[in-house]
Amino acid sequence: MKDIPTLKKGVLSLKEAYGQAMAVTAPLGSVVSTSTAAVAYAGYGVVFATLLGLLGSAMWVYTLTRYAKRVASAGGFYTYGSFATKSKAVAFFESLIEAVAYTVLNAVNAFAVYLLLETFSQMSGIVIPGWVYWLAFALTIAAPTLLSLIDIRALLSKIVSVSASIEVALLFGLFAYSVAVKGLQVQYFEVPKIPLSNLGDAMILTIVSISGAGAVTYLGEETKVPLKTLTRGMWLSLGLGGVAILLGTYGMVSLWEGSLQDFRNSPQPLLQEAIQLGLVFAMITLLLSVNSLIMSNVGTTVGSARILFNLSRERAVPRIFMRLNKNKQPIVATVFAGAVSALFGLIALLYTGFDVATAFQEISVVVSVFWLAGRIVDAFGVPIMLFRLGTLNLVEAVIPIGAGVLNGIGLVFSYSSPDFFQIAMPVAIFAIGIAWYLARARKSDVGRLVVDENNELVTIDEYYERLKKKASQLKA
């Protein structure tokens, strides 16, 4: 396809795919944010809830790889929806859901960094000036935006992959230290005696974190042998990142010296334990935790920028989002994603009167709604895709449907008692999306561009014909 701008073709390997998947998984950031939130529901049962979350995430990664081993694109999830249903509406609204999920998550992580610094100051007695909190908040959005404009291979291999590996090493080290000090306490892996609803809430929280590995799907155009490499990157991230989250959560629970009530009430049990092990170790843990959340925003910014870039090539959004910088990174789309992230954060702050803790809680519910909604669409799209390709079988259909049901339950749990903000924000976003779809996107080629095994752009119809021809040859 001539005269259509392209990203760097086939320059990324498994290392970079692993880096992108691990960025959004954010192992250490997940333990200090998501696992800590899950403690309020499950107490010591958070370890078992995380184990269930890891199994649920494996179902989700299996679901994604049903697509990833067959089709690749810079559009990621929304192209999967188009590939399965051949529906422009499904493709567009999934692109909206995913782009919003990623940009809102950027704001959530910025609030998390603010609160992490505030909690560290209270626990350690170190006075941190108020402006530092807001600077950290701004940098958590601005730094990933700027980093996402450099060469994608250098970003993912030299910065993100290294950072993620350090996080994994720290969490494995925490587990090893807890076993050395207190022995392996297998009771934490047993079914806890807590209400099933509490266990479900905690499990869904961990699934949302661990399943971030799917963000690698947006690198389809830039990855060598994408139909194999992206799948391997997701499983590698799940194996290292997911297990690190589980073992790190176990270490946090095992090392706790106080009562169960104190554990539930602690805003940051891992950070509290780190302070008890020494201020230097606590500061290292704090810096790595902040870095983990920033790297998570790198991964989501890379993903949302590629969604906008691909939509622009498909004429669903303005052509300006196709503009690339000298590193062949979508410069306008990247900056726009960062600006939207900041806007979402500002809206939450204005609504809550700049109460950061409340703003964090409000916008966290919103991101859960969009995060889980997109996964439900893709999960139920798998059997449709397999049927269209003539390769439908029981296992490949049942596991994705199970993942879809699990995410549906999570959506109900996370949105069980929404307030005005949690209702108004999604409604406003979807209202804008519907208006845009009717005015422009329905007349576009949304969801129509994919790449072949040589990273060359082709239409989805042409690609379908190739797959059907290959399937016929195999049967013959």
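Refer to the structure above for everything that follows.
Residues numbered from 1 in each chain as written. Predicted model: local features only at pLDDT ≥ 70, side-chain atom pairs only at ≥ 80, totals over all residues. Heavy atoms only, no water.

## Regarding the overall build of the protein
Moving on, step 1. Of regular secondary structure, the protein possesses 17 helices and two strands.
Moving on, step 2. Computed over C-alpha atoms, the radius of gyration of the protein comes to 22 Å, within 12% of the 23 Å expected from 2.2 N^0.38 for 476 residues, which places it in the range of a compact globule.
Moving on, step 3. Seen through its C-alpha atoms, the protein measures out along the principal axes to roughly 65 × 50 × 40 Å.
Moving on, step 4. Counting every position in the protein, which comprises 476 residues, the buried fraction comes to 58%.
Moving on, step 5. Contacts in the protein between residues far apart in sequence, at least 24 positions, make up 82% of those at least 6 positions apart.
Moving on, step 6. Accessible surface for the protein amounts to roughly 18100 Å². Of this, 68% is attributable to carbon and sulfur atoms.
Moving on, step 7. In the protein, 35 positive and 27 negative side-chain charges are present, and the distance between their average locations comes to 11 Å. (Helix = DSSP H or I, 4+ residues; strand = E, 2+ residues; numbered from the N terminus. Rg over C-alpha atoms; globule rule 2.2 N^0.38 Å. Buried < 20%, exposed > 50% of the residue type's maximum accessible area, 1.4 Å probe, protein only. Contact = heavy atoms within 4.5 Å. Areas by Shrake-Rupley, 256 points an atom, 1.4 Å probe, with all protein chains shown as cover. Lys, Arg positive; Asp, Glu negative; His and termini not counted. Charge placed at Lys NZ, Arg CZ, Asp CG, Glu CD.)

## Regarding the nonpolar core
Moving on, step 1. With 141 residues, the main nonpolar core has Phe 83, Phe 111, Phe 344 and Ile 363 as its most contacted residues.
Moving on, step 2. By residue number, the principal contributor to this core is helix α5 (residues 88-124), which donates 22 residues.
Moving on, step 3. When near neighbours in sequence (up to four residues on either side) are disregarded, Phe 83 contacts Arg 70, Val 71, Met 385, Leu 389, Ile 460, Tyr 463, Tyr 464 and Leu 467. (Core = buried A, V, L, I, M, F, W, Y, C linked by side-chain atoms within 4.5 Å.)

## A closer look at the side chain of Arg 375
Moving on, step 1. Mapped onto the elements of the fold, Arg 375 is located in helix α14 (residues 356-389).
Moving on, step 2. A distance of 2.7 Å separates a polar side-chain atom of Arg 375 from the backbone oxygen of Trp 371.
Moving on, step 3. Those residues in contact with Arg 375 that sit more than four places away from it in its chain are Trp 60, Phe 77, Glu 98, Ser 211 and Asn 407. (Polar contact = N/O pair within 3.5 Å; in protein donor to acceptor, adjacent residues only side chain to side chain.)

## Details of empty space enclosed by the protein
Moving on, step 1. Applying the stated rule across the entire model yields one cavity of 30 Å³ or more.
Moving on, step 2. Within this model, the largest cavity holds a volume of roughly 80 Å³.
Moving on, step 3. Sorting the residues of the lining of the largest cavity by element identifies α7 (152-182), α11 (269-276) and α12 (279-313) as the ones contributing at least two each.
Moving on, step 4. Considered class by class, the residues forming the lining of the largest cavity number nine nonpolar, one polar and one charged. (1 Å grid on protein atoms, 1.4 Å probe; cavity = no way out; pocket = protein on both sides within 12 Å on 5 of 7 lines; lining within 4 Å. Points joined across faces, edges and corners; volume = space filled by probe spheres on them. Nonpolar A, V, L, I, M, F, W, Y, C, P; charged D, E, K, R; others polar.)

## Digging into the pattern of salt bridges
Moving on, step 1. Here the structure, examined in full by the defined rule, presents 12 salt bridges.
Moving on, step 2. Here Arg 448 ties to Asp 461 by a salt bridge, and the two come within 2.8 Å at their closest N and O atoms. Placement of the pair is Arg 448 in the loop between α16 (420-439) and β1 (449-451) and Asp 461 in helix α17 (residues 460-475), with a sequence separation of 13 residues.
Moving on, step 3. Using a relative accessible area of 40% as the deciding quantity, one classes Asp 461 as partly exposed.
Moving on, step 4. One connected set of salt bridges, linked through shared partners, spans Arg 66, Arg 70 and Glu 396. (Salt bridge = Lys/Arg side-chain N within 4 Å of Asp/Glu carboxyl O.)

## A closer look at the packing of helix α3 (residues 46-68) against α14
Moving on, step 1. Look at α3 against α14: their axes get within 10 Å of each other, and the N-to-C directions meet at 50°. Viewed along their axes, α3 and α14 adopt a mutual orientation that is oblique. The interaxial crossing formed by α3 with α14 has left-handed handedness. Contacts from Trp 60, Thr 63, Arg 66 and Tyr 67 in α3 reach Arg 375, Asp 378, Ala 379, Gly 381, Val 382 and Met 385 in α14.
Moving on, step 2. Of the residues assigned to the contact of α3 with α14, the class counts are five nonpolar, two polar and three charged. (Axes fitted to C-alpha atoms, helices over the stretch in contact; angles between N-to-C directions. Parallel < 35°, antiparallel > 145°, perpendicular 65-115°, else oblique. Left-handed = near helix turned anticlockwise from the far one by under 90°.)

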